[in-house]
Amino acid sequence: MRKGIFWIASYPKSGNTWFRAFLANYLRDLDVPVDINELDIRIASRRSTFDSTTGLESVLLTHDEAEALRPACYERFAAEAENDIYLKIHDACYEVAPGCPLVSIRGTRGAIHIVRNPLDVAVSLSHFWNMSIDACIAAMEKSNYALCNWTGKPDDQFRQKLFAWGAHVQSWADTPWFPVLTLRYEDMKADPAASFGAALDFLGLARDEKRIAKALRFSSFEELKRQEEGSGFRENNPRSRGRFFRDGRAGGWKDTLSAEQVRRLVSCHGFVMRRFGYLDEIPSELCKGHES
Amino acid sequence: MPEFLGSFSVAAPAAMQYRLFGLTVGSELPSNWLDTVTADAAPSLSISYGAVPRGLPHGTRPCLFTEVAQGACLHEIPGHGRLFITSEHIRLEKHPAGDDNLLHAYLFRYAMAIVMQLRGCLVLRGAAVALGERGIAIAGVPTAGASVLAAELVGRGGKLVSDDLCVIHFDAAGRPLLLPSHPVISLWQDMADRAGSFARNLGKLRQQLEKFAFAAYEPHCQPEPILLDDVIALEAHNRKDVSIAPVAGSKKVAQLYRLSFQHGLLAGLGLKPQHYRACVAIAKQCRLSTLVRPSKADSRADLAALVEACR
C-alpha cells in the first residue's frame, strides 16, 4: 500500500496533543513514557519543514504565496516517506484552488479528526492565549480567524486559517477528499481504549490491547502534567496564563462560563454542537433556536 | 564553462561591477544594495538575465523546486523566476509576472550561498559581526533572530560582516575566516529604529512585506575578512529567560552541519566530503554555543550582553 500522511487534525485545545502523546507511546512501545518534548509528530504549519522540502525561502513569501505552495510541499513530503507520516494540523481543511485542498489529496492517506465541546475549548483557549473568555468566544466566531496571521515579523509557523469553530469542525468531518475518523474528546475521556483502538484500526496499525493500556498510562493527563511541571513543554504558548496541561476535564465549562457566554456559543455553533451531542447537557433556555 | 550549459551561452556581463564576498561581480542586474566598483580585471562571477536550462544532465532533485548536479544548481521560485547557478555564473530567467524585488533578494541570499559553497566555502544561515578582533557567526533558521541580534551588536559598537549568510573561507594555513559581503542587513519593522543609528533605510525588500533593507554606514562595516572565533547557534524557545550553553565534541560537527545553508543540496552538488571536512576544521578551531531566546519577548539587549561577555 502506498505510504502517505495521516493528519491529526483539530481546532486548538481539543485533545490533539493528548492523541499525539498516545500515538508516540504506542509506536515506540518503550518501558518509560516518551518525553513530551520529543513527540516527533510535527505541526504541518512549521516553516522549516516547508523550507527543507521545497528548497524555498518562505520568509520572503507572502501568506498567500506560501499557502498556494503548501499542497505541493505535502505531496512531496509524502512521496519521500518510507513509512506513513503523522502530522498535527490546526488549519481548517479548505481548498487553496478549485479541487486542491491545502493538505494535498495525493499526499494524504487519511485524517484523525478530534472534536471537543466548544464550551470547554473556549475556557481552555482563554488560559492558553491568555485572553478573556469573551475574547476567545469572539475569535471562535470569526469566519476569517487565523493563527500566526502576522503583518509584521513572521512566526516560525505559517498562517493557519481556522475559520469559525463550527466551520472548522465541518471542514474536517465532512471532507470529500479522503477518509476521516472523527473522534469526540469526551468519548476519548470516557472510554479511551475504545476510541484510541478505533484510531489504531483507522491508521492501519495492529491493535495490541496491552500496548494500548501502556500507551494510555504513559500519556495520561497526570503523566503529561508531571512531565510539564518537571521540564516544561515547548509547545506551550509563551504568553499562556499557566501550564499547557491545566485541567483536561470534559465539562469543566459548567464551573466557568456564564449563561450569556453559553448562549452566545450555542447561538453561533449550535448546529454543529447538536450534531456532536454537545447541546444535550445545556439547559434548554440557553439553546433557543437549536432545540432538538 | 561547465559542459551542461550547452547552448545557454553566458553573455558578457554589463558594465556594472560590484564586490561581494571578496569576488568582483559583473552584473546585468541593477542593485541599490551595492556600490559599484571599478575593476581592471575580468569579473570572477557574472550575473545575467536569460533562458536557463529546464534540467541538468545527471541531476537530482533533493528539494521540490531545486535540481542539482555536480557543480550546478537550478532553482525555481514559482510564479517569479528561475535561477541557474554555477561557481562562475548566475543566470536569471524572470517569469513575466515575477517580482523583481523578490528575485533580487533571492539572488543575494540563495544564489550567492550556492556560489560560495561551490567555491569551497562553508556557508551558515545567519548573520556575522566583528566585535573588536573577534569574528562571530550567529546562525539559525530564518526566524531565529540572527539579524536582530547582529543589528543589536552593531548598534553597541560591533561591525557588520554579513547578513543572511555567514560565508567562511579557509586561508592557506587552514584558519576559518568570515568573508564580508555587501553591508546590508534586512530587518523587520520592529528593528527599524535600532538600525537607524548605524544604517540607512533602503526600503522594503518586497512591497508586500514589512521587511526593510538597511545599508550600514562605513564605520559600522567590517571591510576585511576576520578570523572566526565563535559560532552562536541561536534558537527561540517558549521559556521566559535567555541562556547560553557551550556545545562540545562531536555534537559541534553535527550542529554545524545542521546550521549549514541548504545542507540537503550538498551531496548532489558533490560537496559533502569537503563540507564535512570544513565542519570538523571549524569544530576544532572555534567555540560553538547554543543561545536560547524567548520566542515572544524582546531580549536582544540581554542576548547581546551575553555574546559580548562570552569570550
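To keep things clear, this report deals only with the structure shown in the data block. (Residues numbered from 1 in each chain as written. Chains lettered and ligands numbered in written order. Predicted model: local features only at pLDDT ≥ 70, side-chain atom pairs only at ≥ 80, totals over all residues. Heavy atoms only, no water.)

With that out of the way, let us pick up the pairing of strand S10 (residues 134-139) of chain B. Residue and element names in this part refer to chain B. Within S10, six of the six residues are buried, which leaves the element mostly enclosed by the surrounding structure. Every second residue of S10 is oriented toward a common face, with Arg134, Ile136 and Ile138 on one face and Gly135, Ala137 and Ala139 on the other, all of them buried. Relative to S10, strand S9 (residues 122-131) runs antiparallel, the two sharing six bridges. Residue pairing in the sheet places Ala128 in a bridge with Ala137 of S10. As judged from the five bridges shared by S10 and strand S17 (residues 226-237), these two strands associate in the parallel manner. In the sheet register, Ile138 faces S17, and the bridge partner there is Ile232. (Buried < 20%, exposed > 50% of the residue type's maximum accessible area, 1.4 Å probe, protein only. Helix = DSSP H or I, 4+ residues; strand = E, 2+ residues; numbered from the N terminus. Pairing = 2+ DSSP bridges.)

A separate point is the state of the cysteines. Two cysteines whose sulfur atoms are joined by a covalent bond form what is called a disulfide. According to the stated counting rule, one finds zero disulfides over all chains in the structure shown. In this structure Cys287 of chain A is a free cysteine whose sulfur lies 14 Å from that of Cys268 of chain A, the closest cysteine sulfur available. Between Cys310 of chain B, a cysteine without a disulfide, and Cys286 of chain B, which holds the nearest cysteine sulfur, the sulfur-to-sulfur distance is 15 Å. Taking relative accessible area as the criterion, Cys310 of chain B reaches 28% and is therefore assigned partly exposed. (Disulfide = S-S within 2.5 Å.)

Time to look at the nonpolar core. Among the nonpolar cores identified, the biggest contains 98 residues, and Trp7 of chain A together with Ile90, Met116 and Leu124 of chain B are the most heavily contacted of them. For this core, the leading source of residues is helix H1 (residues 100-118) of chain B, giving 14 residues. If we skip the residues at most four places from it in the chain, Trp7 of chain A touches Ala44, Tyr74, Leu87, Ile89, Val103, Thr108, Gly110, Ala111, Ile112 and Trp172 of chain A. Core analysis: the next-biggest nonpolar cluster, separate from the first, contains 65 residues, Met140, Met188, Phe245 and Leu286 of chain A among them. (Core = buried A, V, L, I, M, F, W, Y, C linked by side-chain atoms within 4.5 Å. Contact = heavy atoms within 4.5 Å.)

Bringing the layout of surface pockets into the picture now. Residue and element names in this part refer to chain B. When its volume is computed, the second largest pocket comes out at roughly 710 Å³. Secondary-structure elements contributing two or more residues to the lining of the second largest pocket are strand S1 (16-20), strand S11 (159-162), strand S15 (199-204) and strand S16 (211-216). When residues in the lining of the second largest pocket are grouped by element, the largest group, three residues, is from S1. Considering only residue class, the lining of the second largest pocket consists of 18 nonpolar, five polar and five charged. (1 Å grid on protein atoms, 1.4 Å probe; cavity = no way out; pocket = protein on both sides within 12 Å on 5 of 7 lines; lining within 4 Å. Points joined across faces, edges and corners; volume = space filled by probe spheres on them. Nonpolar A, V, L, I, M, F, W, Y, C, P; charged D, E, K, R; others polar.)

Moving on, we come to the side chain of Arg70 of chain A. By secondary structure assignment, the location of Arg70 of chain A is in helix H3 (residues 63-79). In this view, Arg70 of chain A contacts Ala44, Ser45, Phe50, Asp91, Leu102, Phe158 and Arg159 of chain A; residues no more than four positions away in its chain are not counted.

Residue and element names in this part refer to chain B. Ordered in space as S1-S2-S3-S8-S7-S6-S5-S4, the eight strands form an open sheet in which the pairing is mixed. Sheet topology places S1 and strand S4 (60-63) at the edges, where each strand pairs with a single neighbour. Strand-to-strand twist across the sheet, computed as the mean angle between neighbouring axes with direction ignored, equals 20 degrees. Sheet topology places S4 next to strand S5 (residues 66-69); two bridges connect them, and they run antiparallel. Across the sheet, Thr60 pairs through a bridge with Val68, a residue of S5. Of the strands in this sheet, S1, strand S2 (23-27), strand S3 (45-49), S5, strand S6 (72-77), strand S7 (81-85) and strand S8 (89-94) are in contact with H1, which crosses S7 at around 20 degrees. (Axes fitted to C-alpha atoms, helices over the stretch in contact; angles between N-to-C directions.)

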